[in-house]
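Remarks on the overall topology
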Amino acid sequence: MLFTSYGFIAFIAILFVVYYIVPKKWQWPLLLMASGVFYWIADPRYLIFIFVTSLSAWGCGVLMARINDGQALYLKEHADTVTKDEKKALKAKNKKRKWHILLACLILNIGILAVTKYTDFVIDNINNAFHSGLHKVDLIIPMGISFYTFQTMSYIIDAYRGTVTPERNPFKLALFTSFFPQLVQGPINRYGDLSKTLYEPHRFSEKVFSMGLMRILWGYFKKVVVADRMITAVTMLVSDTDTYTGAYVFVAMFFYAFELYCDFTGGIDITIGIAQALGITMKENFNLPYFSKDIKEYWNRWHISMGSWFTDYIFYPLSVSPRMLKLSKWSREHLGKVIGKRVTVYLAAFIVWFTTGLWHGAAWNFIVWGLMNFVVIMISQELAPLYSKFHKKFGFKGKSWYTVFEIIRTIFLMSLIRMFDCYRNVPMTFKMVGTMFTRFRLKIFTDGSLLKLGLTKYDYIVLAVALIVILSVSIFKYNRGEVRTKLYEKPWLWYGAMSALFIVIIVFGAYGIGYDSTQFIYNQF
Amino acid sequence: MTKKRAFIIVFYLVLTVAVLWFVQRLVMPKYQYGIVEGAMAAEYYEADEPHEVIFVGDCEVYEAISPVTLYEEYGISSYIRGSAQQLVWQSYYLLEDALRYETPKVVVFNVLALKYDEPQSETYNRMTIDGMRLSPSKIGIIEESMTPDEKMIEYIFPILRYHSRWSELDQDDWDYLWDRDRVTHNGYYMRVDIKPEAEFPEPPLLTDYSLGDNAMYWLGRMADLCAENDIELVLIKSPIKFPFWYDQWDQQVSAFARSRGLTYINFIDARDDMGLDMTRDTYDAGLHLNLTGAEKFARYLGAILDESYDLTDYREVPEVAAEWEDICEAYHAMAAAQYQELIEYGYLRNWGSAAVEMGRP
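Residues numbered from 1 in each chain as written. Chains lettered and ligands numbered in written order. Predicted model: local features only at pLDDT ≥ 70, side-chain atom pairs only at ≥ 80, totals over all residues. Heavy atoms only, no water.

1. Overview of the overall build of chain B
Along chain B, the regular secondary structure elements total 15 helices and 5 strands. Here chain B has a C-alpha radius of gyration of 21 Å; the compact-globule value for 361 residues is 21 Å, and the two agree. Each principal axis of the C-alpha atoms in chain B carries an extent, and together these give about 75 × 50 × 50 Å. Expressed as a percentage of its 361 residues, the buried residues of chain B come to 55%. Surface summary for chain B: the accessible area is close to 16000 Å², and the carbon and sulfur share equals 52%. Distance from the positive charge centre (31 side chains) to the negative charge centre (62 side chains) of chain B: 8 Å. (Helix = DSSP H or I, 4+ residues; strand = E, 2+ residues; numbered from the N terminus. Rg over C-alpha atoms; globule rule 2.2 N^0.38 Å. Buried < 20%, exposed > 50% of the residue type's maximum accessible area, 1.4 Å probe, protein only. Areas by Shrake-Rupley, 256 points an atom, 1.4 Å probe, with all protein chains shown as cover. Lys, Arg positive; Asp, Glu negative; His and termini not counted. Charge placed at Lys NZ, Arg CZ, Asp CG, Glu CD.)

2. Notes on the sheet that holds strand β4 (residues 232-237) of chain B
Residues and elements named next belong to chain B. Ordered by their spatial adjacency, 5 strands build an open sheet running β2-β1-β3-β4-β5, and the pairing between neighbours is parallel. A single partner strand is all that each edge strand has here, and the edge strands are β2 (78-82) and β5 (263-266). Each adjacent strand pair in this sheet contributes to an overall mean axis angle of 20°, direction not counted. One ladder, built from 4 bridges, connects strand β1 (residues 53-57) with strand β3 (residues 106-110); its direction is parallel. Note on β3: the bridge partner recorded for Phe55 is Val108. Sheet contacts for helix α11 (residues 213-228): β1, β3 and β4; angle to β4, the most-contacted strand, approximately 145°. (Pairing = 2+ DSSP bridges. Axes fitted to C-alpha atoms, helices over the stretch in contact; angles between N-to-C directions. Contact = heavy atoms within 4.5 Å.)

3. Digging into the environment of A:Ala79
One can find A:Ala79 in the loop between α3 (46-77) and α4 (84-130). Considered as a pair, A:Ala79 and A:Arg441 are 362 residues apart in the sequence and their alpha carbons are 81 Å apart.

4. Some points on the side chain of B:Arg5
Within the secondary structure, B:Arg5 sits in helix α1 (residues 3-27). Within the structure, B:Arg5 has its side chain in polar contact with the backbone oxygen of A:Tyr488 (distance 3.0 Å). Sequence-distant contacts of B:Arg5, defined by excluding residues within four places in its chain, comprise A:Glu206, A:Tyr488, A:Pro491, A:Trp494 and A:Tyr495. (Polar contact = N/O pair within 3.5 Å; in protein donor to acceptor, adjacent residues only side chain to side chain.)

5. Here we look at the interface of chain A and chain B
Counting from both sides, the interface comprises 22 residues of chain A and, opposite them, 25 residues of chain B. Across the chain A to chain B interface the summed buried area is about 2200 Å²; carbon plus sulfur atoms make up 73%. Contact with chain B buries area across many residues of chain A, yet A:Tyr6, A:Trp492 and A:Ile513 alone supply 33% of it, more than any other trio. For the pair chain A and chain B, the number of links is 1 salt bridge. Among the ionic pairs, A:Glu206 bridges to B:Arg5, the shortest N-O distance being 3.2 Å. Counting the contacts that link chain A with chain B gives 9 residue pairs in polar contact (both at pLDDT 80 or more). For the side of chain A that touches chain B, the element with the most residues is helix α21 (residues 491-508) of chain A, which contributes 11 residues. Per-class residue counts for the side of chain A that touches chain B are 16 nonpolar, 4 polar and 2 charged. (Buried area = accessible area lost by both parts, 1.4 Å probe. Salt bridge = Lys/Arg side-chain N within 4 Å of Asp/Glu carboxyl O. Nonpolar A, V, L, I, M, F, W, Y, C, P; charged D, E, K, R; others polar.)

6. Describing a nonpolar patch on the surface
Where nonpolar side chains cluster on the molecular surface, the patch consists of A:Val375, A:Ile379, A:Leu383, A:Leu386 and A:Tyr387 and spans about 420 Å² of accessible area. Mapped onto the elements of the fold, A:Leu383 is located in helix α15 (residues 364-394). (Patch = residues over 30% accessible without salt bridge, like charges linked within 9 Å, V, L, I, M, F, W, Y side chains within 5 Å.)

7. What to know about the nonpolar core
Formed by 207 residues in total, the largest nonpolar core has its most connected members in A:Ile156, A:Trp299, B:Phe55, B:Ile65 and B:Leu305. A per-element tally of this core places helix α10 (residues 247-277) of chain A first, with 19 residues. Aside from chain neighbours lying at most four places away, what touches A:Ile156 is A:Ala57, A:Cys60, A:Gly61, A:Met64, A:Leu102, A:Cys105 and A:Leu106. Residues B:Leu94, B:Met216, B:Trp245 and B:Val253 belong to the second largest nonpolar core, which totals 48 residues. (Core = buried A, V, L, I, M, F, W, Y, C linked by side-chain atoms within 4.5 Å.)

8. Some details on unusual backbone geometry
The amide bond that connects A:Gly186 to the next residue, A:Pro187, takes the cis arrangement and shows omega of 5°. The omega angle of the peptide bond from B:Phe242 to B:Pro243 is 5°, so this bond is cis rather than trans. Despite not being glycine, A:Asp138 shows a phi value in the positive range, around 50°. Residue placement: A:Asp138 occurs in the loop between α4 and α5 (145-161). Judged by relative accessible area, which is 64%, A:Asp138 ranks as exposed. For B:Tyr31, which is not glycine, the phi torsion reads 55° and is therefore positive.

9. Quick notes on a positive patch on the surface
All names here are of chain A. Taken together, the side chains of Lys84, Lys87, Lys88 and Lys91 make up a positively charged region of the molecular surface. Tracing the backbone through its elements, the reader meets Lys88 in helix α4. By relative accessible area, which is 63% here, Lys88 ends up exposed.

10. Overview of the confidence of the model for chain B
Residues and elements named next belong to chain B. Across chain B, pLDDT averages 94, with 98% of residues at or above 70. Ranking the elements of chain B by mean pLDDT puts helix α15 (residues 355-358) last with 63 and β3 first with 98. The ipTM value of the predicted complex is 0.88, and its pTM value is 0.90. (pLDDT = per-residue confidence, 0-100.)

11. Considering the pairing of β4(B)
Residues and elements named next belong to chain B. Within β4, 5 of the 6 residues are buried, leaving the element largely enclosed by the surrounding structure. Note that β3 and β4 share 5 bridges and pair parallel. Counterpart to Asn110 in the pairing with β4 is Ile236. Looking at chain direction, β4 and β5 are connected through 4 bridges and run parallel. Looking at β5, one finds that Ile236 is bridged to Ile265.

12. Re the pattern of salt bridges
Here the structure, examined in full by the defined rule, presents 36 salt bridges over all chains. Between B:Arg100 and B:Asp97 there is a salt bridge, with its nearest N and O atoms 2.6 Å apart. For B:Arg100, a relative accessible area of 41% gives the class partly exposed. Through salt bridges with shared partners, a single ionic network connects A:Arg215, A:Lys222, A:Asp269 and A:Glu284.

Rendered as structure tokens:
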């Protein structure tokens, strides 16, 4: 069920009504049922996978809780007799037991993810490397498996770390894993955050509901009016690499940058909006990423839940792991302080970006995309002192024109790296980017060539107006905070904006026959 | 929630619905020139006179039979509920829809559509269905007619289908926003130009000459519907040779008619008897009849209907005759205008599928 399908809109409309009618204690079980239906409609077989993930996480969590309880009880009962060393030994023993449970859970779930998503990729690479003729297995890839696996793993790791209390109710945990709005494209929620409002009873509040509704409409506006309109041109530009070279690649790069932005942030707006309309709070996944002044800042603002997941569950644990510490010590001794201190940081960052790329897709273009991010971030980090000197000398930093320059530079850089995602082929991406510098013809911007990309002049007008609206809202948010919060105080404006947004989506949306109904780009991850 | 907020919500809800309703009217195709078939279904609801004969079918009825001739010659009050490539189930539901307003004595169904066993094209579906008023019949026709890409909701709220026409709007969309001109004469689509019948290619051999189960099922439903309402169902095959009407198909329809006690008349062999001259009575090389052809066929068919069924001579019913007077006047006026154009330009400038491209005065 696509977010943009009539079926889905009817589904959430019915859910909203039923959710606020049923007794409050039935609200979360209703959401679990709705999530099951949502997943079942997508493909009933998917349910098996998400059931295994939920059950294993719940089981492991309960086992850990029992160990914790047992330990607490033992220490309480033997408070007078147990020595400090015994206490330490008991804790170490239990930690090891919990570690084994965690490991089993991780292996099972990461294993499912790896097998379903990456088997064919591995077979492909074996065939290419050894010229063997292994057949692909073509396994089904459950919808949103990367998202819900990561989300569930964060729960079990947090339970192991003791930062969350394991959930005893298997159905509640199943809801955390399968809450349907987040299944399509995230965000990757943390149990500690989501559980605060997911299971709570919610009374209907006009403010909360209309805030959610506005967020949903804003998401549809970005997805249906902008992203799904732009995809026509992007598809044309990247599918005919003989014709669309040079300046066309430049156009494709920026079109894809804005298409992806509107597609992904639009989808997340819909997700968070649905949750909000149900009274459930999800953490933000974006914070004006295209206002970033450098790539590091960009990654703090784009797909925040994924970035923080990799930081919390891969980068930090890896950096402080005994082997890394050993390596750090060794490298400082043998390579000197300057290089030595960087070795482990770079290695951990390399692994993070490699896995980030791999998480996005079972293909080399995603891995190279991840590593390109790593390279650029490392280079900019190394050059930071130089930049600092430069800024000090010329006094550019902080000036508005320079800030704009930094923002444009970051957008350009990120869009350039994203070409690996766009063309989905590493050598082809290098070739096409190369033509941008060798065959750039400005003429295509004036001779009507852009009107032959499946977009009419009216489409360009709609896109221009829509992007100006999105930019204005973003600037407002950057300077003065959420537009929605301010607008809500003025009910005539608030409901007028909602009405206008709805009409604009209906009239100017790129949907229905004549348009390809397109899945969200991040749904494939 | 305060009363003020509640008022604002209601205000904007009403406003939103009103704006969308207006935009829907604006973006829906008007079918006033060129391909006018899309306007036919809606015109039925504007007819005030009663109809004792209702024709259902495709272009082999709405371009082949003149209801005005039936009235002028026999006093038969009739209406054609036809549209382009109207499939059997569409004829069924259009008839069912008509029965919500009146119960005719005779229903005449042209059997050519039996060759289609499944939904064919969204374009034709739209022309047949969009003009219908919302009713269970409309829901039924949509359900049966949708091709895989189509959605029920886009028929119920056509703005969801036509919204992208905002960039193609022209003066006609504004001119015909509220009122539309009638494009037919009780469902009859008039053309007076002439293009003699050409030689048709040999009929292609088929692997299976059976009429489809689905098509025959809906023919059966139509027979049942007529029986339930005490209506005589007459099956006809218009005197048009192309598209081919195979003997095998003819035999199956004959057998069906026999089994249900219905009348079935194939008029292809009666072309000479009715005086059809296909060098003059067709406007597109024999695919459809022109005005003279439609009048000849109507005269011939009218005689059969008049003899076989107890039909009222509405020329003698003043209030109905008054309605028909207007219909006949509009009919003859359009015929005169079309003939005048033929004399003036040598071709039809304001009528026919090329009318939009050619421009209007």
